[in-house]
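An overview of the molecular structure
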Amino acid sequence: MMLEGHQQIDVPTGVPIWDVDPYDPALLTDPSRYYAELRSNGSFSFIPKYSILACGRYEVTKEVFSDWERFVSSRGVGLQDFSLEEPWRPSSIVLEVDPPFHTKTRAVIERALSLRSVSNLRDKFLEAAENLIDVLLEKRTFEAIEDLAETYSTTVFPDAVGLRDSNRRRLVDYGEMVFNALGPDNEIRRAAMAKAPDVVPWITEQCRRDQLDPEGFGAAIYSAADTGEITEEEAGLLVRSLLSAGIDTTVTALGSAIWCLANNPEQFQILKSDPSLARWAFEETLRYTSPVHSFCRTANIDTVVAGVKIAEGTKILCVLGAANLDEEHWREADKFDIERRPSDHLALGVGIHGCVGQNVARAEANAVLTAIANKVESINLAGEPVWRPNNSVHTLDTLPVTFQAK
Ligand code: OVM
């Protein structure tokens, strides 16, 4: 029998049955108790509502998430098993594939987003950040998700890709579709998908070669079609991957970084006294808030992990947000500490599918947090932060803050 697009499984021996809905909006917006319970249940829990396994302890989550041979991505990284059901869009040729095809497409994006090409953007990113922070300091009180995180990311990133006709709303809405589509057919997913008729044709159009500036990441991807490394159609799909994964993730991470600093003024003091800690403030934000809270893998063979027998076809929900707060791995896991310098959090994944845009994300965050460290005296909440339920992304919806100038 099928459930949420995959084959139902038997409860593996020794695995606790846990009557929880990981996609309940109440839990998506305030996940810490769910994360703790998932870890305390053991290596795996069986969730009958979706007939899946879930894991959230650091070591086991890392094992499942990085072992691409046993736990494949080609059957989809959400609840749907692409070997049994058609996905809502032509599947991603980098996220939703395995080697050897993955090796080829990944190499093309990796080159386009290399440290060298991102380094060339550093000054542009910094200037944009300084200008934006100046505008916000004039306002003093503003809404940090829309006015800061979204404004910044939807300005510098589409520009770096080389989009000529950038449309902020459609870019954000497409990301919402892509990430919510990985969950069940719930209210959240349906609300996001309702925008598809307006958004999807526009996105597809923006991925065409003739829509892209010759200087950007998009053109760099198309140059791999010129040499025959990939086809023209594949280049378009890889540009689509940039637009799928590059907006909502960085908007979320930038917004959550501001939330962390507003809630931990002593940490902001430390950042101000040494702005070179900006990059570590960002890494710690990633660990502490896990912008992508969970992705699935699918067991492609019968196998064993941590003594648990896992059957072929099993969907495993890898809860990165839980692993990043595991006390077995992190000293004072629930403390936001920018001097922790976490280098092995799972927020950007691990292994061959690890975030290919991480150089760009870090450059954006570094620019914004450096500008803030240099220009802002204090960050205070100006109202209650509100979280927005999303089937894969742990994100703020609104964050009213006041910046006081130095
Ligand atoms: C893609 C993609 C890549 C990474 C994340 C993501 C679900 C999408 O290639 O479309 O979000």
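Attention here is on the structure that accompanies the text.

Cut-offs applied
Residues numbered from 1 in each chain as written. Predicted model: local features only at pLDDT ≥ 70, side-chain atom pairs only at ≥ 80, totals over all residues. Heavy atoms only, no water. Helix = DSSP H or I, 4+ residues; strand = E, 2+ residues; numbered from the N terminus. Rg over C-alpha atoms; globule rule 2.2 N^0.38 Å. Buried < 20%, exposed > 50% of the residue type's maximum accessible area, 1.4 Å probe, protein only. Contact = heavy atoms within 4.5 Å. Areas by Shrake-Rupley, 256 points an atom, 1.4 Å probe, with all protein chains shown as cover. Lys, Arg positive; Asp, Glu negative; His and termini not counted. Charge placed at Lys NZ, Arg CZ, Asp CG, Glu CD. Core = buried A, V, L, I, M, F, W, Y, C linked by side-chain atoms within 4.5 Å. Near = heavy atom within 4 Å. Polar contact = N/O pair within 3.5 Å; in protein donor to acceptor, adjacent residues only side chain to side chain. Nonpolar A, V, L, I, M, F, W, Y, C, P; charged D, E, K, R; others polar. Axes fitted to C-alpha atoms, helices over the stretch in contact; angles between N-to-C directions. Parallel < 35°, antiparallel > 145°, perpendicular 65-115°, else oblique. Left-handed = near helix turned anticlockwise from the far one by under 90°. Pairing = 2+ DSSP bridges.

Let's talk about the overall build of the protein chain
Scanning the protein chain from N- to C-terminus turns up 17 helices and 14 strands. Here the C-alpha atoms of the protein chain give a radius of gyration of 21 Å, agreeing with the 22 Å that 2.2 N^0.38 yields for 406 residues. Taken along its principal axes, the extent of the C-alpha atoms in the protein chain is 60 × 50 × 35 Å. Within the span of the protein chain, comprising 406 residues, buried residues form 58% of the whole. The contacts in the protein chain between residues at least 6 apart in sequence include a share of 73% that link residues at least 24 apart. Carbon and sulfur atoms form 50% of the exposed surface of the protein chain, whose accessible area is close to 16500 Å². Averaging the locations of the 40 positively and 61 negatively charged side chains of the protein chain gives two centres separated by 2 Å.

Remarks on the nonpolar core
Counting 116 residues, the largest nonpolar core has Phe44, Phe217, Ile372 and Phe403 as its most contacted members. Setting aside its immediate chain neighbours within four residues, Phe403 contacts Ile133, Leu137, Arg140, Phe142, Leu148, Ile258, Ile372, Val376, Ser378 and Ile379. Listed in part, the 17 residues of the second largest apolar core include Trp18, Tyr34, Leu317 and Ala322.

Thoughts on the side chain of Thr61
Topologically, Thr61 is positioned in helix α3 (residues 58–66). Judged by relative accessible area, which is 0%, Thr61 ranks as buried. Beyond its immediate chain neighbours, meaning those up to four positions away, Thr61 contacts Cys55, Gly56, Cys318, Val319, Leu320, Ala323 and Leu346.

Examining the site of the ligand
In the vicinity of the ligand, the contacting residues are Arg89, Ser92, Val94, Leu95, Val178, Phe179, Leu182, Ser241, Ser244, Ala245 and Phe295. Between the ligand and the protein, one listed contact pairs an oxygen atom with a side-chain N or O atom of Ser241 at 2.5 Å. Going through the elements one at a time, α8 (168–180) and α12 (232–245) are the ones with two or more residues in the shell around the ligand. It is α12 that provides the largest number of residues to the shell around the ligand, a total of three residues. Of the residues assigned to the shell around the ligand, the class counts are seven nonpolar, three polar and one charged.

Things to note about the packing of helix α6 (residues 122–139) against helix α17 (residues 358–375)
At a minimum axis separation of 8 Å, α6 and α17 run at an interaxial angle of 45°. Here α17 runs oblique to α6, going by the angle between their axes. The handedness of the crossing between α6 and α17 is right-handed. Contact residues: α6 offers Arg122, Phe125, Leu126, Ala129, Glu130, Ile133, Asp134 and Leu137, while α17 offers Val360, Ala363, Glu364, Ala367, Val368, Thr370, Ala371, Ile372 and Lys375. Looking at side-chain class alone, the contact of α6 with α17 contains eleven nonpolar, one polar and five charged residues.

Things to note about the environment of Pro275
Looking at where Pro275 falls in the secondary structure, it is placed in the loop between α14 (265–273) and α15 (278–289). In this structure Pro275 comes out as partly exposed when scored by relative accessible area, which is 25%. Along the chain, Pro275 and Val199 lie 76 residues apart, while their C-alpha atoms are 39 Å from each other.

Comments concerning the side chain of Glu176
For Glu176, the location among the structural elements is in helix α8. Filtering out sequence-adjacent residues up to four positions away, Glu176 remains in contact with Ala192, Asp248, Arg388 and Asn390.

Looking at the sheet that holds strand β11 (residues 376–381)
Strand order in the open sheet formed by three strands is β6-β14-β11, with antiparallel pairing between adjacent strands. Whereas interior strands pair on both sides, the edge strands pair on one side only; in this sheet they are β6 (141–143) and β11. Here the average twist between neighbouring strands, direction ignored, is 30°. Where β6 lies against strand β14 (residues 400–405), three bridges are found, and the strand directions are antiparallel. Opposite Thr141, over in β14, you have Thr402 as the bridge partner. Each of β11 and β14 touches helix α13 (residues 248–263); the most contacted strand, β11, lies at about 95° to it.

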